[in-house]
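Understanding the architecture of this molecule
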Amino acid sequence: MLKRNSLVKWAIAATIILVTLQAPKTQTKTPQLGKASVKDVIRAMTREEKVTLVVGMGFTADIPGLPEPSEEDKKVPQKVPGAAGRTHAIPRLGIPSLTLSDGPAGVRIDPVRKNDPSKTYYATGFPIATLLASSWDTEVANRVGIAMGREVRDFGIDILLAPALNIQRNPLGGRNFEYYSEDPLIAGKMAAAFVKGVQTNGVGTSIKHFAVNSQEFNRMQSNSVIGERALREIYLKGFEIAVKESQPWTVMSSYNLVNGTYTSQSTDLLTTLLRDEWGFKGLVMSDWFGGNDAATQLRAGNDLLMPGVVAQTAAILKALNDGSLTDEQLNKNVERVLNVILESPAFKSNNYSNQPDLTASARVTRETAAEGMVLLKNDNNVLPLAASKVALFGNASYDLIAGGTGSGDVNKKYIVSLDQGLTASGFTIDDEFKQTYMQFITDQKAKRPPTAPFMMPAPIAEMPVAMERLQQLAGTSALAVLTLGRNTGEFVDRKVEDDFMLTLAETTLLESVSEAFHAKGKKVIVVLNVGGPIETTSWRDKVDAVLVSWLPGQEGGHAITDVLTGKVNPSGKLATTFPVFYTDVPSAKTFPGREIPGATPLIVNPFAGKPAEALYDEGIFVGYRYYETFGVKTAYPFGYGLSYTNFSYGDLKLSSRKFQDKVIVSVAVTNSGKTPGKEVVQLYVSAPGKKWKNPESELRAFAKTRLLKPGESQVMRFTLTGRDLASFDVKSSSWIAESGSYVIKVGASTGKIELEKDLLVEKSRKLLAPTSELKELESR
Ligand code: BGC
């Protein structure tokens, strides 16, 4: 027995020796990612391998004129069809490929796969970012982030290309719907909460588009000419908050130039500020086909070029050969890519189900959508509604616009329309009238020219309804609900006529519905199914209530009904101003910029547009900062929104009247009405404004109460730090709070804090200064 045992042992040992001897040397010596150190893995890479790692792949949309994908791209089957891109795998070093997918309102992938038509891969269409921001509740953004991140994980994706947090500089910005707010504090806080939510699932995010990318016009070669103060206080601040508070795995640089330099080629932006000053640890990727000099992008700290084209690989190798790009720099870029890969589900070989819990996500969608809807008008408490017979008007009532188009679109399984939402909650809708609408919508859609990939379909005009029919419906229904819808999407900015303004068909419909229903003493409620502000003052007096539902995601019809019926008491507030006239907008004259005649194109491709320039000459006076300071009346101001109850505010309590390093402000908020509700509490600070021309006041903190019962109170606490008092001083490139009195306002309650001496809060460095003189707006 003993003998046999030792024989077996001997045989095993001999086999091990033999196998080891026979194994190719490379297999034992080649460092493997995760087993060897990242530095060792990089040392083992050839230059060509390194370059494959920083030049991505995987953009499969067949758009004539775009650079050809590489041979490998065509050969290697996509792991997740419809994802926006991926990185190259290097199997010999144990480096897997990362899959990257859009976007801010949900995972954008193909719902049906050619190789497997028996299954579907629908993702959830969540509410747009503008709606999430209007909740003024970071928990709402966090909840959506958690749910969306679960779908990212369940579909085997590594990085979600979201959130997008550019400033809604002008209501016509084509991608405003993907962005949060005109205010950087809201944008930054919402983005941070969203990032944390997504990343709890072990997947990454890409905060985008860094930075000053607030328009679509000529977006790949438009130069945003902007002053340093506006840059820091308005356009970079949200990113700064998101980076510092949530450490996103990646940042996506933007398409545009800032003061003459492509953001993806700006060392100032991507290295000096983002990494050295803010402490960003992840990788920076370019926006798709963005920038025009691959080697400069890598040198600036833009580590990954997406989606990667053959010419970039060649350009990088050439730059390495001629010494204009060093191996040391490339190693840095590669290291950052590898560090993200090490965290990724792809590297961890996580199993994924391809079957996310769509029911759970639908619940999140419905609940969060209701949290961000904003009630603009509610005369004589016409809302909330009891179930009744409703006459339902407007194409969008039957064909709800759940989200925007372009990369922020989502292939969702269904959209709950408003008629379905109302019916499910016990309302009666005239079926014959509904059928007339459905037929009209189908016919009009069939007549539309085909839409190019990613582009927004042409809107269809409102269905005209004869006065007799209206009178008949007014006789048989308890009230009218009219939905006005706006498509919005990537690639194009909105326009004033027939978009910011109502179309003639909409005005006619609204006026005749109002006339017919009011003649019979019946109320008219308008739902704005829009991605951003529209004109309201010319028509709002003709209706009794106005609810902004935004683009509420796939459960929209239910969520709107929840608010109309009071199942959810509206608590959303505008995070973007509704101006009276478009001409009142501070950037109305300079948005979206002008083409530069005769300029040599910087990029040539079908989406590149022409060389152009946008002068951000309103400076820091964006949105409410302008309207309040310059006394310009708005239709509905920033921070506005009604509730079915009322709230009262107690006196402000300050931890100290003298500011040292912080002040704690507290205030009791009481539900003084008759219905349970939540209140958004907004804290504004007015700076002394001696040294700098400051806005009348600026939002420095916000929070939402819990659901308060009638009579119930909650004490809200906010901490103000030096940064909350400071302005960016261009001369010294630092954040300074000047001495003097600071007035704090929360609701109607105010308080004052004193700062004895000027306080240097943070020293920065001069960067991205305008290269030519920019005459900026100054306060009166
Ligand atoms: C958009 C990005 C998007 C990318 C990938 C670009 O056109 O600007 O926001 O993530 O495409 O789809």
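First things first, this report covers the structure right here in the doc. (Residues numbered from 1 in each chain as written. Predicted model: local features only at pLDDT ≥ 70, side-chain atom pairs only at ≥ 80, totals over all residues. Heavy atoms only, no water.)

1. Considerations on the sheet that holds strand 14 (residues 523-529)
Taken in spatial order, the six strands line up as 10-15-14-13-11-12 in an open sheet, and their pairing is mixed. Single-partner strands in this sheet number two, and they are strand 10 (374-378) and strand 12 (428-429). Across four bridges, the pairing between strand 14 and strand 15 (residues 545-548) is parallel. In the sheet register, Val526 faces strand 15, and the bridge partner there is Val546. (Pairing = 2+ DSSP bridges. Helix = DSSP H or I, 4+ residues; strand = E, 2+ residues; numbered from the N terminus.)

2. Considering the site of the ligand
If you check the shell around the ligand, you find 14 residues, and the closest are Asp102, Arg175, His209, Asp287 and Glu490. Here an oxygen atom of the ligand sits 3.0 Å away from a polar atom, N or O, in the side chain of Tyr255. Considered on its own, the ligand offers 310 Å² of accessible surface; in the complex 94% of this is hidden by protein. Grouping the amino acids of the shell around the ligand by side-chain chemistry returns five nonpolar, two polar and seven charged. (Near = heavy atom within 4 Å. Polar contact = N/O pair within 3.5 Å; in protein donor to acceptor, adjacent residues only side chain to side chain. Areas by Shrake-Rupley, 256 points an atom, 1.4 Å probe, with all protein chains shown as cover. Nonpolar A, V, L, I, M, F, W, Y, C, P; charged D, E, K, R; others polar.)

3. Things to note about helix 10 (residues 237-246)
Counting buried residues along helix 10, eight of its 10 residues qualify, which places the element largely inside the surrounding structure. Buried residues of helix 10: Lys237, Gly238, Phe239, Glu240, Ile241, Ala242, Val243 and Ser246, and no others. Downstream of helix 10 by one or two residues, Gln247 has phi in the positive range, about 35°. (Buried < 20%, exposed > 50% of the residue type's maximum accessible area, 1.4 Å probe, protein only.)

4. Considerations on the sheet that holds strand 3 (residues 159-160)
Ordered in space as 1-2-3-4-6-9, the six strands form an open sheet in which the pairing is mixed. Each of the sheet's edge strands pairs with one partner strand only, and the pair in question is strand 1 (85-86) and strand 9 (283-285). Bridge count for strand 2 (residues 99-101) against strand 3 is two bridges, and the pairing is parallel. Of the residues in strand 3, the one forming a bridge with Ser101 is Leu160. Contacts from helix 8 (residues 184-199) reach strand 3 and strand 4 (204-210), with the element oriented near 150° to strand 4. Packed on one face of the sheet, helix 11 (residues 267-277) meets strand 4, strand 6 (250-253) and strand 9 and runs near 150° to strand 9. (Contact = heavy atoms within 4.5 Å. Axes fitted to C-alpha atoms, helices over the stretch in contact; angles between N-to-C directions.)

5. Quick look at the pairing of strand 14
Of all the seven residues making up strand 14, six are buried; the element is thus mostly covered by neighbouring parts of the structure. One ladder, built from seven bridges, connects strand 13 (residues 479-485) with strand 14; its direction is parallel. Bridged to Leu484 within strand 14 is Leu528.

6. Structural notes on the environment of Leu270
By the element assignment, Leu270 lies in helix 11. Beyond its immediate sequence surroundings of up to four residues, Leu270 is in contact with Phe210, Ser253, Thr263, Ser264, Arg275, Val284, Ala300, Gly301 and Asn302.

7. A few points about unusual backbone geometry
Along the chain, Lys208 connects to His209 via a cis peptide bond; the corresponding omega equals -5°. In this fold, His209 is placed in strand 4. Of note, the bond from Leu383 into Pro384 is cis; its omega dihedral lies within 30 degrees of zero at 0°. Along the polypeptide, Pro384 turns up in the loop between strand 10 and strand 11 (389-393). With a phi close to 45°, Asn218 is a non-glycine residue in the positive phi region. Mapped onto the elements of the fold, Asn218 is located in the loop between strand 4 and strand 5 (222-225). A positive phi angle, near 45°, is found at Ser733, a position not held by glycine. Residue Ser733 is classed as buried on the basis of its relative accessible area, which comes to 4%.

8. Focus on the nonpolar core
Counting 153 residues, the largest nonpolar core has Phe210, Phe393, Phe517, Leu528 and Trp539 as the members making the most contacts within it. The element contributing the most residues to this core is helix 8, with nine residues. Contacts of Phe517, omitting those with residues within four sequence positions, involve Ala391, Phe393, Leu470, Leu473, Ala474, Ser477, Leu479, Ala480, Lys522, Lys523 and Val524. Counting residues in each nonpolar core, the second largest holds 49 residues, with Ile63, Leu161, Leu257 and Ile316 among its members. (Core = buried A, V, L, I, M, F, W, Y, C linked by side-chain atoms within 4.5 Å.)

9. Quick look at the side chain of Gln168
Mapped onto the secondary structure, Gln168 falls in the loop between strand 3 and helix 8. A polar side-chain atom of Gln168 sits 3.4 Å from a polar atom in the side chain of Thr576. When neighbours within four sequence positions are excluded, Gln168 is seen to be in contact with Thr130, Asn176, Tyr179, Tyr180, Ser181, Glu182, Ala575, Thr576 and Val622.

10. Description of the packing of aromatic side chains
All told, the structure shown has 21 aromatic pairs when counted by the stated rule. Summarising the aromatic geometry, the rings of Phe393 and Phe517 are spaced 5.8 Å apart at their centres and angled 85° between planes, so their arrangement reads as edge-to-face. Of the two residues, Phe393 sits in strand 11 while Phe517 sits in helix 21 (residues 504-519), which places them 124 residues apart along the sequence. Through pairs of rings, three or more aromatic residues link up here, namely Trp136, Tyr624, Phe638, Tyr684 and Phe702. Arg540 extends its terminal NZ or CZ atom over the ring of Tyr636, reaching a point 4.9 Å from the ring centre. In this structure, Arg723 is placed above the aromatic ring of Trp735, and the distance from its NZ or CZ to the ring centre is 3.7 Å. (Phe/Tyr/Trp six-rings, centres within 6.5 Å; stacked < 30°, edge-to-face > 60°. Lys NZ or Arg CZ within 6 Å of the ring centre and 35° of its normal.)

11. Quick notes on the packing of helix 7 (residues 138-154) against helix 15 (residues 358-372)
With their axes 10 Å apart at the nearest point, helix 7 and helix 15 run at an angle of 155° to one another. The orientation of helix 7 relative to helix 15 falls into the category roughly antiparallel. As helix 7 packs across helix 15, the resulting crossing turns out to be left-handed. Taken together, the residues of helix 15 that come into contact with helix 7 (itself represented by Val140, Arg143, Val144, Ala147, Arg150 and Glu151) are Leu358, Ala360, Ser361, Val364, Glu367, Thr368 and Glu371. (Parallel < 35°, antiparallel > 145°, perpendicular 65-115°, else oblique. Left-handed = near helix turned anticlockwise from the far one by under 90°.)

What is shown is where atoms sit, not what they do.
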